[in-house]
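Below are the chains, spelled out letter by letter.
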Amino acid sequence: MKIAVVGTGYVGLVTGTCFAETGVNVTCIDVDAEKVRQLKNGSVPIYEPGLDVMIRRNVEKSRLNFTTDINEGITGSDAVFIAVGTPPGENGSADLQNVKKVAAEIGRSIREYIVVVTKSTVPVGTSDALRNVIQQELDNRKMSVAFDMASNPEFLKEGSAVEDFLKPERIVIGTNTDRAAEIMKKLYMPFLLNNHPILFMDIASAEITKYAANAMLATRISFINEIANLCDLLGADVNQVRKGIGSDSRIGSKFIYPGAGYGGSCFPKDVKALIKTAHDHGYELNVTKAVERANEFQKTVLFGKIKKHFSNNLKNKKFGIWGLSFKPQTDDIREASAIILIEALLNEGATVKAYDPAAMDETKKLFGDRIIYVTDPYEALNGSDAMVLMTEWPEFRLPDFEKLSGIMKGKVIFDGRNIYDPAELKKAGFVYYGIGRR
Ligand code: NAD
């Protein structure tokens with residue numbers, strides 16, 4: 001089989017590479033000529049464990065190609081996957097400019113039947129809108145070419161994207177023709193040998209499934225964050241509470257880890273877009289709105305603790321930050337809590353030395369020389385008044401606290417992800433602040 005994937009970001013690059021791994025001939029297309037040049041030369045522009053090796057293997061076997069030319073990519077393809085960004089627009093709705101541009105290009109290029117698959121996260125009705133864009137271009141060309149639309153939302157997680165794509169818990173396909181369903185089924189069968197389901201549904205249901213999944217996960221996070229804040233006020237330990245509720249099989253233990261707020265390229269924008277879609281249809285998603293509000297607040301909680309500890313005076317205080325990406329195993333800093341915290345510290349006249357195993361380059365693009373970047377985590381804390389842990393990378397889990405004690409000026413640790421043991425730190429002579437922990 002042959003497919004094209006438009007957009008070589010976290011989703012498109014992983015999608016194209018994983019399909020190539022099953023023997024499909026894949027062409028990945030991107031408008032970013034520099035990105036395409038890098039990929040052609042074997043260098044991978046994003047950090048995603050396992051991806052580089054797989055890309056190289058499939059490029060060597062000539063099953064994976066990169067181009068900026070959509071026409072070249074889709075000629076002879078059974079399906080074209082749209083995996084370009086859908087960032088939040090000004091009013092919170094998903095910005096569909098990129099997907100529409102791609103649809104128009106598809107309409108200008110197709111000559112034979114193809115399934116047009118929306119993998120980008122898009123609001124209900126987008127597939128219909130894209131169908132019209134493509135048909136309009138065909139009409140302009142005075143051509144009659146059959147094509148079908150399909151919605152195939154992506155559930156991979158940055159940091160384990162390759163693994164998630166190869167072993168999905170489920171595949172969701174929205175389509176309204178058997179022809180498209182057959183092609184999608186054939187493409188995905190190699191990933192479903194573990195008997196996990198492929199769920200066929202109508203296009204609108206598939207589109208909303210993605211938003212509902214992210215809103216549900218965000219809800220669990222905001223809920224436990226609120227309970228953690230309450231634990232702080234009442235002198236309870238949210239870790240105990242988390243275990244207490246998580247062992248109930250109706251609740252489960254996943255996604256109830258409190259912290260400094262959720263970030264990333266998906267939850268914040270998808271929660272906003274879902275609220276906007278409902279609002280546009282005359283309905284208010286009160287729970288989801290509260291989830292968003294609670295998360296905005298949560299991103300300020302650690303900063304509040306920092307200010308309080310330093311009696312509201314952060315001028316010339318030195319902070320060593322461990323972790324910048326919105327979660328471990330990725331270089332993605334979009335909407336990361338660390339970024340908001342650093343901005344707040346700088347605004348108060350503090351200085352920041354930061355270290356992250358993967359996200360330094362992305363952070364430099366954002367902060368330039370407003371902060372100091374170091375390549376060793378201990379160097380970030382040398383002479384600092386406090387350490388702030390913002391991303392729970394494995395390498396931060398068991399630091400040498402004796403060494404820290406020797407190099408830090410102030411012995412204070414703000415743990416934004418609750419990874420350290422307060423009792424152990426107290427014994428080592430540190431003042432410890434977590435989220436909802438005694
Ligand atoms: P990204 O920003 O990493 O990548 C998007 C890519 O699309 C970029 O390389 C950009 O150059 C390219 N692009 C933009 N316009 C284009 C055009 N007209 N033609 C060709 N290429 C174009 O985005 P991402 O994180 O991969 O997300 C893509 C979509 O998938 C979004 O809708 C997102 O919500 C959804 N999604 C993301 C994740 C995730 O974890 N990142 C998970 C599930 C779903």
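Colleague: What exactly am I supposed to notice about the overall build of the protein here?
Modeller: Each helix and strand counted, the protein has 17 helices and 14 strands in total. Each principal axis of the C-alpha atoms in the protein carries an extent, and together these give about 75 × 50 × 40 Å. Every one of the 438 residues in the protein was classed for burial, and the buried ones make up 53%. Intrachain contacts of the protein at a sequence separation of at least 6 include 74% that bridge at least 24 residues. Surface accessibility of the protein: about 19600 Å² in total, with carbon and sulfur atoms responsible for 52%.

Colleague: Looking at this structure, how should I read the sheet that holds strand β7 (residues 171-175)?
Modeller: What links the strands of a sheet is backbone hydrogen bonding, and the strands pair in either a parallel or an antiparallel sense. Overall, mixed pairing links the eight strands, which are arranged β3-β2-β1-β4-β5-β6-β7-β8 in an open sheet. Of all strands in the sheet, those with a lone pairing partner are β3 (64-67) and β8 (198-201), marking the two edges. The average angle at which neighbouring strand axes cross in this sheet is 25°, direction not considered. Where β7 lies against β8, four bridges are found, and the strand directions are parallel.

Colleague: How should the packing of helix α11 (residues 267-280) against helix α12 (residues 286-309) be read in this particular structure?
Modeller: The relative placement of two packed helices is expressed as an angle between their axes plus a distance between the axes. For the pair α11 and α12, interaxial distance at closest approach is 10 Å and the crossing angle is 145°. Between α11 and α12 the crossing geometry is left-handed. Two secondary-structure elements touch here, α11 through Val271, Lys272 and Ile275 and α12 through Thr288, Lys289 and Glu292. The residue inventory of the contact of α11 with α12, partitioned by class, reads two nonpolar, one polar and three charged.

Colleague: Would you mind showing me how to read the side chain of Lys299 here?
Modeller: Within the fold, Lys299 resides in helix α12. Although Lys299 is buried, it makes no salt bridge; Glu335 carries the closest opposite charge, 4.0 Å away. One polar contact links the side chain of Lys299 to the main-chain carbonyl oxygen of Tyr262, over a distance of 3.2 Å.

Colleague: Honestly, the domain arrangement of the protein in this entry has me stumped. Any pointers?
Modeller: By a widely used convention, the size of an interface equals the accessible area lost when the partners come together. Its domain assignment divides the protein into domain 1 (2-201) and domain 2 (217-433). Relative placement of domain 1 and domain 2: their C-alpha centres are 33 Å apart. Approximately 1300 Å² of surface area, both sides summed, lies buried where domain 1 meets domain 2, with 53% of it carried by carbon and sulfur atoms. Three residues, Tyr10, Tyr47 and Glu158, lead the burial of domain 1 against domain 2; their summed loss comes to 41% of the area buried on that side.

Colleague: Looking at this model, I keep getting lost on the pattern of salt bridges. Mind explaining?
Modeller: Note on pairing: side chains with opposite charge can pair once their charged atoms come close. Following the criterion strictly, the structure yields 21 salt bridges and no others. Glu284 serves as the salt-bridge partner of Lys289, at 2.5 Å between the closest nitrogen and oxygen. Taking the shortest distance from any N to any O, the salt bridge between Lys353 and Glu379 comes out at 3.3 Å. Of this pair, Lys353 sits in strand β10 (residues 351-355) while Glu379 is found in helix α15 (residues 377-381), placing the two residues 26 residues apart along the sequence. By relative accessible area, Lys353 is classed as buried at 17%.

Colleague: Hey, could you run me through the site of the ligand in this one?
Modeller: Surveying the vicinity of the ligand reveals 26 residues, the closest of which are Asp30, Lys35, Thr86, Glu158 and Lys269. Going through the elements one at a time, α1 (10-21) and α5 (97-109) are the ones with two or more residues in the shell around the ligand. Residues that form the shell around the ligand fall into these classes: nine nonpolar, nine polar and eight charged. Two domains share the shell around the ligand, each providing at least three of its residues, namely domain 1 (2-201) and domain 2 (217-433).

Colleague: I keep staring at helix α3 (residues 51-60) and nothing clicks. Help me out?
Modeller: Structurally, the α-helix is built with 3.6 residues per turn, so residues lying three or four positions apart point the same way. Turning to α3, its buried residues are Leu51, Met54, Ile55 and Asn58. Viewed along the axis of α3, the buried residues span an arc of 100°, placing them on a single side of the element. Tucked inside the fold, the buried residues of α3 contact α1, α2 (33-40), β3 and α7 (161-166). The positive-phi residue at the C-terminal boundary of α3 is Ser62, with phi of around 60°.

Colleague: Can you help me understand the packing of aromatic side chains in this one?
Modeller: Each aromatic ring pair is specified by the distance between its two centres and by the angle formed by the two planes. Using the criterion set out here, one finds 17 aromatic pairs in the structure. Considering the side-chain rings of Tyr355 and Phe396, the 6.0 Å spacing of their centres and the 75° angle between planes classify their relative orientation as edge-to-face. Pair noted here: Tyr355 is in strand β10 and Phe396 is in the loop between β12 (386-389) and α16 (401-407), with a separation of 41 residues, a long-range link. Grouping aromatic residues by their ring pairs yields a cluster made of Phe19, Phe81, Phe165, Tyr188 and Phe191. The cationic tip of Lys364 hangs over the ring face of Tyr373; the distance from NZ or CZ to the ring centre is 5.5 Å.

Colleague: Explanation requested: the nonpolar core in the structure shown.
Modeller: For soluble globular proteins, the rule of thumb is that nonpolar side chains tend to be buried together. Membership of the largest hydrophobic core comes to 40 residues, with the highest contact counts inside it found for Ile3, Phe19, Val26, Phe81 and Tyr188. Top contributing element to this core by residue count: α1, with six residues. Non-local contacts of Phe19, meaning those with residues more than four positions away in its chain, are made with Ile3, Val24, Val26, Phe81, Phe165, Leu187, Tyr188 and Phe191.

Colleague: Is there a simple way to think about a nonpolar patch on the surface in this case?
Modeller: Together, Leu230, Leu233 and Leu234 make up an exposed nonpolar region whose accessible area comes to about 370 Å². The residue Leu234 is located in helix α9 (residues 203-234) in this model.

Colleague: I would appreciate a short explanation of the pairing of strand β6 (residues 147-151) in the present structure.
Modeller: Here is the key point about a regular strand: its side chains alternate between the two faces of the sheet. Among the five residues of β6, five are classified as buried, and the element is accordingly described as predominantly covered. Side-chain alternation along β6 places Phe147, Met149 and Ser151 on one buried face and Asp148 and Ala150 on a second face that is also buried. Where strand β5 (residues 114-118) meets β6, five bridges bridge the pair, whose relative direction is parallel. The residue of β6 that forms the bridge with Ile114 is Phe147. Since β5 and β6 lie parallel, the crossover through helix α6 (residues 126-140) that links them has a hand, and here it is right-handed. With two bridges connecting them, β6 and β7 associate as antiparallel partners. From the neighbouring strand, Ala150 faces β7, where its bridge partner is Thr175.

Scoring rules and cut-offs
Residues numbered from 1 in each chain as written. Predicted model: local features only at pLDDT ≥ 70, side-chain atom pairs only at ≥ 80, totals over all residues. Heavy atoms only, no water. Helix = DSSP H or I, 4+ residues; strand = E, 2+ residues; numbered from the N terminus. Buried < 20%, exposed > 50% of the residue type's maximum accessible area, 1.4 Å probe, protein only. Contact = heavy atoms within 4.5 Å. Areas by Shrake-Rupley, 256 points an atom, 1.4 Å probe, with all protein chains shown as cover. Pairing = 2+ DSSP bridges. Axes fitted to C-alpha atoms, helices over the stretch in contact; angles between N-to-C directions. Left-handed = near helix turned anticlockwise from the far one by under 90°. Nonpolar A, V, L, I, M, F, W, Y, C, P; charged D, E, K, R; others polar. Lys, Arg positive; Asp, Glu negative; His and termini not counted. Salt bridge = Lys/Arg side-chain N within 4 Å of Asp/Glu carboxyl O. Polar contact = N/O pair within 3.5 Å; in protein donor to acceptor, adjacent residues only side chain to side chain. Domains from an automatic or database assignment. Buried area = accessible area lost by both parts, 1.4 Å probe. Near = heavy atom within 4 Å. Arc of directions from axis to C-beta. Phe/Tyr/Trp six-rings, centres within 6.5 Å; stacked < 30°, edge-to-face > 60°. Lys NZ or Arg CZ within 6 Å of the ring centre and 35° of its normal. Core = buried A, V, L, I, M, F, W, Y, C linked by side-chain atoms within 4.5 Å. Patch = residues over 30% accessible without salt bridge, like charges linked within 9 Å, V, L, I, M, F, W, Y side chains within 5 Å. Right-handed = clockwise from strand over helix to strand, strands pointing away.

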